[in-house]
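One-letter residues, chain by chain:
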Amino acid sequence: FGVSLTLPVAEDDSPPLAQIPDGVSRILVADAQDTSRLILARQVEALGLAAVAVPSLAALAQVRLTAAGHDVDLLTLADHGFDAFMSASERRAYHDQGRNLLTPGTQRSADLLRAADALVVCCAVRGGAMSPMAKSWFERVFVPGVSFTFTRSGRVTGALTNIRRVGLIVDS
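Reading the values: rules and limits
- Residues numbered from 1 in each chain as written.
- Predicted model: local features only at pLDDT ≥ 70, side-chain atom pairs only at ≥ 80, totals over all residues.
- Heavy atoms only, no water.
- Helix = DSSP H or I, 4+ residues; strand = E, 2+ residues; numbered from the N terminus.
- Buried < 20%, exposed > 50% of the residue type's maximum accessible area, 1.4 Å probe, protein only.
- Contact = heavy atoms within 4.5 Å.
- Areas by Shrake-Rupley, 256 points an atom, 1.4 Å probe, with all protein chains shown as cover.
- Axes fitted to C-alpha atoms, helices over the stretch in contact; angles between N-to-C directions.
- Parallel < 35°, antiparallel > 145°, perpendicular 65-115°, else oblique.
- Nonpolar A, V, L, I, M, F, W, Y, C, P; charged D, E, K, R; others polar.
- 1 Å grid on protein atoms, 1.4 Å probe; cavity = no way out; pocket = protein on both sides within 12 Å on 5 of 7 lines; lining within 4 Å.
- Points joined across faces, edges and corners; volume = space filled by probe spheres on them.
- Disulfide = S-S within 2.5 Å.
- Salt bridge = Lys/Arg side-chain N within 4 Å of Asp/Glu carboxyl O.

Help me understand the overall build of the chain, please; the structure alone is not making it clear to me.
Within the chain one finds five helices and nine strands. Ordered by position from N to C terminus, the α and β elements of the chain give β-β-α-β-α-β-α-α-β-β-α-β-β-β. Looking at the chain as a whole, 37% of its 172 residues are labelled buried. Across the chain, every contact between residues at least 6 apart in sequence was considered, and the portion connecting residues at least 24 apart equals 77%. Carbon and sulfur atoms make up 55% of the accessible area of the chain, which amounts to about 10000 Å² in all.

Looking at this structure, how should I read the packing of helix α4 (residues 104-115) against helix α5 (residues 132-141)?
Axes are the key here: two packed helices are described by the angle between their axes and the distance separating the axes. Running from N to C, α4 and α5 cross one another at 80°; their axes reach a closest spacing of 10 Å. The angle between α4 and α5 falls in the class roughly perpendicular. Residue-level contacts link Thr106, Ser109, Ala110 and Leu113 of α4 to Trp137, Arg140 and Val141 of α5. In terms of residue class, the contact of α4 with α5 is built from four nonpolar, two polar and one charged.

In this structure, what is going on with empty space enclosed by the protein? I would like to understand it.
In this approach the atoms are scanned with a rolling probe the size of a water molecule, which exposes any empty space left behind. Overall, the coordinates contain one cavity of 30 Å³ or more when judged by the stated rule. Along its surface, the largest cavity is lined by Met86, Glu90, Tyr94, Asn100, Leu101, Leu102, Thr106, Arg140 and Val143.

Got a minute to help me understand the state of the cysteines in this structure?
Here a disulfide denotes a covalent bond joining the sulfur atom of one cysteine to the sulfur atom of another. The tally for this structure, following the rule as stated, stands at zero disulfides. The structure places no disulfide on Cys122, whose sulfur is separated from the nearest cysteine sulfur, that of Cys123, by 7.9 Å.

I keep staring at the pattern of salt bridges and nothing clicks. Help me out?
Using the criterion set out here, one finds five salt bridges in the structure. One salt bridge connects Asp96 with Arg99, and the closest N-O pair in it is separated by 3.4 Å. The class of Asp96 is partly exposed, set by a relative accessible area of 32%. Glu139 serves as the salt-bridge partner of Lys135, at 2.3 Å between the closest nitrogen and oxygen. Within this pair, Lys135 and its partner Glu139 are both found in helix α5, separated by four residues, close to a single helical turn. Accessibility expressed as a relative area gives 44% for Lys135, which makes it partly exposed. Assessed through its relative accessible area of 31%, Glu139 is described here as partly exposed.

So this is what it looks like as structure tokens:
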């Protein structure tokens, strides 16, 4: 006998993306979804059962935004070390503007953010909280000199003035 398992929803059941206004051409899609559904699919296949892993919400967003004529950078956070907590050295360097992006993953993320017109974050929400991977990314990339700066008097000033739209796609 055979068993088939499809994870989690079919592409045509996904909700449409909101209309992106004219003038927004480069979009950073940050994929902060965990890879548990892919791991589950591999485990099911290891049992000799058929499993179909559906693309992530971020991959679907990339396809639809590209089809709408936008340049899309897909950043899969798990591939860039954001599946861990902020290290002690990262915490110590947090306020050291210009030297607070300690890993290649944080530097690449900051470069992509600075080049983007819009940001779409795809993450799971469990118990009313964003995924630890998304939290790790925000803590380690939205640092002084990237997302904000301090004036001489100590006031915070926004630095990501290039980002005109922000979107959030959640999997709950």
